[in-house]
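Coordinates in review
Here's the letter readout for the chains.
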Amino acid sequence: MIIETVQGDITHQQVDAIVNAANESLLGGGGVDGAIHRAAGPDLLLECRTLGGCPTGAAKVTGAYRLPAKYIIHTVGPIWQGGGHSEAELLSGCYRNSLAIASELQLQSLAFPAISTGIFGYPLVEATKIAIATVKNAQFSGELVRFVCFDAETENTYRRLLA
Ligand code: AR6
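Below or above, wherever it landed, is the structure these notes cover. (Residues numbered from 1 in each chain as written. Predicted model: local features only at pLDDT ≥ 70, side-chain atom pairs only at ≥ 80, totals over all residues. Heavy atoms only, no water.)

Notes on the nonpolar core
- The biggest cluster of nonpolar side chains holds 27 residues, and the ones touching the most others in it are Ile73, Tyr95, Leu99, Leu110, Phe112, Phe147 and Tyr158.
- Contributing elements (two or more residues each) for this core: strand S2 (17-22), helix H3 (87-104), strand S5 (109-112), helix H4 (124-137) and strand S6 (144-149).
- At six residues, the largest contribution of residues to this core is made by H3.
- In this structure, Tyr95 is in contact with Phe112, Pro113, Ala114, Ile115, Ala131, Thr134, Val135, Phe147 and Tyr158, ignoring residues within four places of it in sequence.
- One finds Cys48, Ala64, Ala69 and Ile72 within the second-largest nonpolar core, a separate group that totals 13 residues. (Core = buried A, V, L, I, M, F, W, Y, C linked by side-chain atoms within 4.5 Å. Buried < 20%, exposed > 50% of the residue type's maximum accessible area, 1.4 Å probe, protein only. Helix = DSSP H or I, 4+ residues; strand = E, 2+ residues; numbered from the N terminus. Contact = heavy atoms within 4.5 Å.)

Brief notes about the site of the ligand
- In the region of the ligand, 22 residues are neighbours, and Asn23, Gly30, Val32, Asp33 and Ile119 sit closest.
- Between the ligand and the protein, one listed contact pairs an oxygen atom with a side-chain N or O atom of Asp33 at 2.7 Å.
- Between the ligand and the protein, one listed contact pairs an oxygen atom with a backbone N or O atom of Ile119 at 2.8 Å.
- Relative to its unbound accessible surface of 700 Å², the ligand loses 91% to contact with the protein. (Near = heavy atom within 4 Å. Polar contact = N/O pair within 3.5 Å; in protein donor to acceptor, adjacent residues only side chain to side chain. Areas by Shrake-Rupley, 256 points an atom, 1.4 Å probe, with all protein chains shown as cover.)

Comments concerning the environment of Asp16
- Mapping Asp16 onto the fold places it in the loop between strand S1 (2-7) and S2.
- When the C-alpha positions of Asp16 and Ile73 are compared, they lie 10 Å apart, and in sequence the two are 57 residues distant.
- If sequence neighbours within four positions are ignored, Asp16 has contacts with Ala69, Lys70, Tyr71, Leu107, Gln108 and Ser109.
- Polar side-chain contacts of Asp16 include one of 2.7 Å to the backbone nitrogen of Gln108.

Below, the structure is given as structure tokens:
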């Protein structure tokens, strides 16, 4: 499995599935979630309404509609509350459960955003260490995992910690 990092917009990625950093309602929001819903179009929300939400740390899959990807895997990162509320285990679960869905669907390539590090306030370096360690230890049957970083600070952090 190849692990790589790029700076860019996850809605533009030509991979089998992109991962969305959603909230428990799965009915859209700001940040990367808002960008994905805007780019995929309104049919995504119609499918999300059938899912009944998603607990923090878990993941659910939908079609990708107008996006170049085939699927969107929606996962819900933890809201940072100081670190004593199982945030690390929950964040690791987001990566692990997303990779498990991708393996079940026999997908070859998957792109992740920096889950929880925006609106949900997870400290960037700690979150990046969890993202990398969980992906490295996961049993993903596909070929490529790409970390898509929206800003330069996030990309520099991923590059440094992947090296
Ligand atoms: N492509 C890639 N990364 C992006 C994009 C994009 N188009 N847009 C933003 N990011 P956030 P969270 C980055 O806030 O912290 C929503 O309202 C962003 O710069 O999107 O998990 C949900 O509905 C940051 O590095 O997600 C939830 O309520 C990273 O994506 C809540 O926000 C994650 O930032 C989830 O908060």
